[in-house]
There are 2 protein chains.
Amino acid sequence: MGRVLSIQSHVVFGYVGGKAAVFPLQCLGYDVDVVNTVNFSNHSGYGRLGGTRSTAAELGQIFESLEQNLLLLPDRLLTGYIPGAEGLTAVADLVEKLKSKRPDIIYLLDPVLGDSGRLYVAPDVIPIYRRLLPLSTIISPNWFEVETLTDIVLKDLPSLRRALTILHQDYHVPNVVISSIPLSPWLKDALPASISSNLDPDANHLLCIASSATTDTSTVHAQTVQQLPGYFSGVGDLFSALLLAHYDPQSPSAVSRAASQALTKTHAMLRLTHEYAETLPEEDRQGTDDEKDAADPLRKVRRMRGRELRLIQGQDILRGIGLQDTRELQPWADFWAS
Amino acid sequence: MGRVLSIQSHVVFGYVGGKAAVFPLQCLGYDVDVVNTVNFSNHSGYGRLGGTRSTAAELGQIFESLEQNLLLLPDRLLTGYIPGAEGLTAVADLVEKLKSKRPDIIYLLDPVLGDSGRLYVAPDVIPIYRRLLPLSTIISPNWFEVETLTDIVLKDLPSLRRALTILHQDYHVPNVVISSIPLSPWLKDALPASISSNLDPDANHLLCIASSATTDTSTVHAQTVQQLPGYFSGVGDLFSALLLAHYDPQSPSAVSRAASQALTKTHAMLRLTHEYAETLPEEDRQGTDDEKDAADPLRKVRRMRGRELRLIQGQDILRGIGLQDTRELQPWADFWAS
């Protein structure tokens, strides 16, 4: 299949960052070169953690040694959480070098900035992500990250069009995939019937949009999945890894096809994880309650622990064995029609 | 299957340490908590590398956070290369804690000290490994590491018996598995006919011995594999991971059975890697030549790169799919007979 260079966080326990991305890529046949931007005990959702961030000097030294030893050989590149502007600059320098040596390298840039209206990185990384955008093949921001990168508040179809235009035309991003978009009423109303007619009126849904640049505008595909209750960590990291793994540049509608695979598998993995969490004793699945969580930190820890992705138990899903309910993205033909 | 805490080295490129152990354990159904004792660009066989060692303080902080967050939950423990006496002491303290909290934890200790007569760690780690020995369920030293830990030169059957007696009785190690032993003439002559009668007279062989302590002495099993030309890195790390993965404490002859699986799969993976290396262009498979390697460091780099284990391409082997030539260990009934 080829070789992926993955640059993102490492946690000892659980599945976020590299721990959510590397195993799926390996299962799908990729050799993965794994650069750890942090070495932490667990993800930050637990409320406390131990470990260290790799400094820019440490990252630079690793990249230099790889180059010296002729080991910078990736066909594909995946970048995720990289703490700090200096470290991100070291990565951006590497990406430029790889891209100039091999212009056809497939680069999936997951611009990890924040979620649900909250930035969880220092604001000085934003311009560096903007510098990386033109080097990417695909970006996989969430809704909030699209807003942050484009300075557009997404509140209606025209603003969504404006944001995609900025990404495709100003930043020269060939492909934008936004997963897990809360399906607000205006977005639901704008959807083509092929998608909206299949919505379960009793469930909440999340939308996934794939937009591939054309000369003037872009080709847009979309699909929904049912939203599962509660928060799961590492979902975006898993989705991005699967998106990169399934992207076949030779295939027509390459990004929409890859997003269909990634959406189907990620959703199946979430369902498996949700079903497992439901079997846990009550003390391990107490709902989010900021007051109670603050009074008893272990309350949050137990909830988080029970909601770690079931990647290992669900590895057949990663390999595409016995998948049901394929979430094929559908053309959104009149997306650009006024 | 359960949860393994793996504490060993990490390399970005290639397959040694954790990169050789974690994926096989995951394929076989284990959740793996991964502690990186170093973060290096590549293994040391390339002649040069970049990256950093985790300090004892960093390791201690990660262990403390895991404990605080109730995330020290392993059923099994695997330790490999840990640089420096201070870091190893931090690990030894953790092992003692885990063992006292959960006496039935299965601990595979791979005492990484050196190979072929050469120590590649500082001598002050040796007493700390000796402190760890009584905490282990299985140890997987190579020939040289047995000599180093026991202070016995292995030169005949009586010296091998003495070394095993020291490990089992003085250090209370329940199970000792020594793989990749060069089959010297005295060792060949001592083998039972069930093993020696199947040796190919035109090939070199390596011996694997598994010794399980009994009240007085031990039960010994053994088997050979054909030696493949040249040196492969990460083989011991892969073998140890498979040995731990296949160890079923409920099964009779648990260690000999697990060693049979580990030997069969490791040998099949080596054969796959060797066959691949043979297909490379000539400049990527120049034999070891210290003089030429010194004159052109990239000569060595190219050879090493072509001999990285083909874990990803051979993942069916890890899962036990389509395995041929099972290397079942055979009883060495008269091992202790004088």
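Residues numbered from 1 in each chain as written. Chains lettered and ligands numbered in written order. Predicted model: local features only at pLDDT ≥ 70, side-chain atom pairs only at ≥ 80, totals over all residues. Heavy atoms only, no water.

1. So, the overall build of chain A
Per the secondary structure count, chain A includes 13 helices and twelve strands. Looking at the 338 residues of chain A, the share that counts as buried comes to 58%. Considering only contacts in chain A between residues 6 or more positions apart, those separated by 24 or more positions represent 73%. Carbon and sulfur atoms make up 49% of the accessible area of chain A, which totals about 13,500 Å². Chain A carries 30 positive and 39 negative side-chain charges, and their two centres are separated by 2 Å. (Helix = DSSP H or I, 4+ residues; strand = E, 2+ residues; numbered from the N terminus. Buried < 20%, exposed > 50% of the residue type's maximum accessible area, 1.4 Å probe, protein only. Contact = heavy atoms within 4.5 Å. Areas by Shrake-Rupley, 256 points an atom, 1.4 Å probe, with all protein chains shown as cover. Lys, Arg positive; Asp, Glu negative; His and termini not counted. Charge placed at Lys NZ, Arg CZ, Asp CG, Glu CD.)

2. Some points on the packing of aromatic side chains
Residue and element names in this part refer to chain A. Counted by the stated rule, this structure contains seven aromatic pairs over all chains. Arranged with centres 5.1 Å apart and planes meeting at 75 degrees, the rings of F335 and W336 form a pair that is edge-to-face. According to the relative accessible area criterion, F335 is buried, its value standing at 0%. The structure contains a cluster of three or more aromatic residues connected by ring pairs, namely W332, F335 and W336. (Phe/Tyr/Trp six-rings, centres within 6.5 Å; stacked < 30°, edge-to-face > 60°.)

3. Considerations on the interface of chain B and chain A
Often the size quoted for an interface is simply the accessible area lost on bringing the parts together. Listed as interface residues are 46 residues of chain B and, on the opposing side, 46 residues of chain A. Across the chain B to chain A interface the summed buried area is about 3,900 Å²; carbon plus sulfur atoms make up 55%. Our count for the chain B to chain A interface comes out at 26 residue pairs in polar contact (both at pLDDT 80 or more). For the side of chain B that touches chain A, the secondary structure elements donating two or more residues are β1 (2-11), α1 (18-27), β2 (30-40), β3 (51-53), α2 (56-68), α12 (297-306) and α13 (315-319) of chain B. Per element, the largest residue contribution to the side of chain B that touches chain A is eight residues, and it comes from β2(B). Partitioned by chemical class, the residues of the side of chain B that touches chain A number 20 nonpolar, 17 polar and nine charged. (Buried area = accessible area lost by both parts, 1.4 Å probe. Polar contact = N/O pair within 3.5 Å; in protein donor to acceptor, adjacent residues only side chain to side chain. Nonpolar A, V, L, I, M, F, W, Y, C, P; charged D, E, K, R; others polar.)

4. Quick look at the UniProt feature "domain: Pyridoxamine kinase/Phosphomethylpyrimidine kinase" (unreviewed entry) in chain A
Following the UniProt record, the feature "domain: Pyridoxamine kinase/Phosphomethylpyrimidine kinase" (unreviewed entry) maps to residues 83-180 of chain A here. The span residues 83-180 of chain A is 47% helix and 16% strand, and its two end C-alpha atoms sit 23 Å from each other. (UniProt positions renumbered as here; feature names shortened; annotations may be inferred.)

5. A short note on the packing of helix α1 (residues 18-27) of chain A against α1(B)
Each pair of packed helices can be described by the angle between their axes along with the distance between the axes. Following both chains from N to C, one finds α1(A) and α1(B) inclined at 75 degrees, their axes separated by 11 Å at the closest point. The angle between α1(A) and α1(B) falls in the class roughly perpendicular. Contact residues: A:F23, A:Q26 and A:C27 in α1(A); B:F23, B:Q26 and B:C27 in α1(B). Across the contact of α1(A) with α1(B), the residue classes break down as four nonpolar, two polar and no charged. (Axes fitted to C-alpha atoms, helices over the stretch in contact; angles between N-to-C directions. Parallel < 35°, antiparallel > 145°, perpendicular 65-115°, else oblique.)

6. Topic: helix α10 (residues 254-278) of chain B
For α10(B), spanning 25 residues, the distance from its first C-alpha to its last is 36 Å, which sits close to the expected 36 Å at 1.5 Å a residue. Counting buried residues along α10(B), 18 of its 25 residues qualify, which places the element largely inside the surrounding structure. (Expected span 1.5 Å × (residues − 1).)

7. A look at unusual backbone geometry
Residue and element names in this part refer to chain B. Of note, H172 is a non-glycine position whose phi angle comes to about 55 degrees, a positive value. By the secondary structure assignment, H172 is in the loop between α6 (157-170) and β9 (175-182). Judged by its relative accessible area of 52%, H172 is exposed. With a phi close to 50 degrees, S253 is a non-glycine residue in the positive phi region. Of note, S253 is situated in the loop between α9 (235-246) and α10.

8. Some words on the packing of α1(A) against helix α9 (residues 235-246) of chain A
Residues and elements named next belong to chain A. For the pair α1 and α9, interaxial distance at closest approach is 8 Å and the crossing angle is 30 degrees. Classified by the angle between their axes, α1 and α9 sit roughly parallel to one another. The way α1 lies across α9 gives a crossing that is right-handed. Touching A20, A21, P24 and L25 of α1 are D237, L238, A241, L242 and A245, all from α9. Each residue belonging to the contact of α1 with α9 can be placed in one class, and the counts come to eight nonpolar, no polar and one charged. (Left-handed = near helix turned anticlockwise from the far one by under 90°.)

9. With respect to the pattern of salt bridges
Residue and element names in this part refer to chain A. Per the counting criterion, the structure on display carries 32 salt bridges over all chains. The partner of R302 in a salt bridge is D284, with the nearest N and O atoms 3.9 Å apart. Of this pair, R302 sits in helix α12 (residues 297-306) while D284 sits in the loop between α10 (254-278) and α11 (290-295), and the two are 18 residues apart along the sequence. For D284, a relative accessible area of 12% puts it in the buried group. (Salt bridge = Lys/Arg side-chain N within 4 Å of Asp/Glu carboxyl O.)

10. Examining the state of the cysteines
Summed over all chains, the structure comprises zero disulfides over all chains. Left unpaired, B:C27 is separated from the closest cysteine sulfur, that of A:C27, by 5.4 Å. (Disulfide = S-S within 2.5 Å.)

11. Quick word on the pairing of strand β2 (residues 30-40) of chain A
Regular strands place side chains that alternate from one sheet face to the opposite one. All names here are of chain A. Summarising burial for β2: eleven of the eleven residues are buried, a large majority. Across nine bridges, strand β1 (residues 2-11) lies against β2 in parallel orientation. Looking at the pairing, V4 lines up with V32 of β2. Crossover handedness for the path β1 to α1 to β2: right-handed. Alignment of β2 against strand β3 (residues 51-53), held across three bridges, turns out to be antiparallel. Directly across from F40, in β3, lies its bridge partner G51. (Pairing = 2+ DSSP bridges. Right-handed = clockwise from strand over helix to strand, strands pointing away.)

12. A look at the side chain of A:S260
All names here are of chain A. Considering the arrangement of structural elements, one finds S260 in helix α10. For S260, the side chain forms a polar contact with the main-chain oxygen of S256, separated by 2.9 Å. Excluding residues within four positions of it along the chain, S260 makes contact with R327, E328 and L329.

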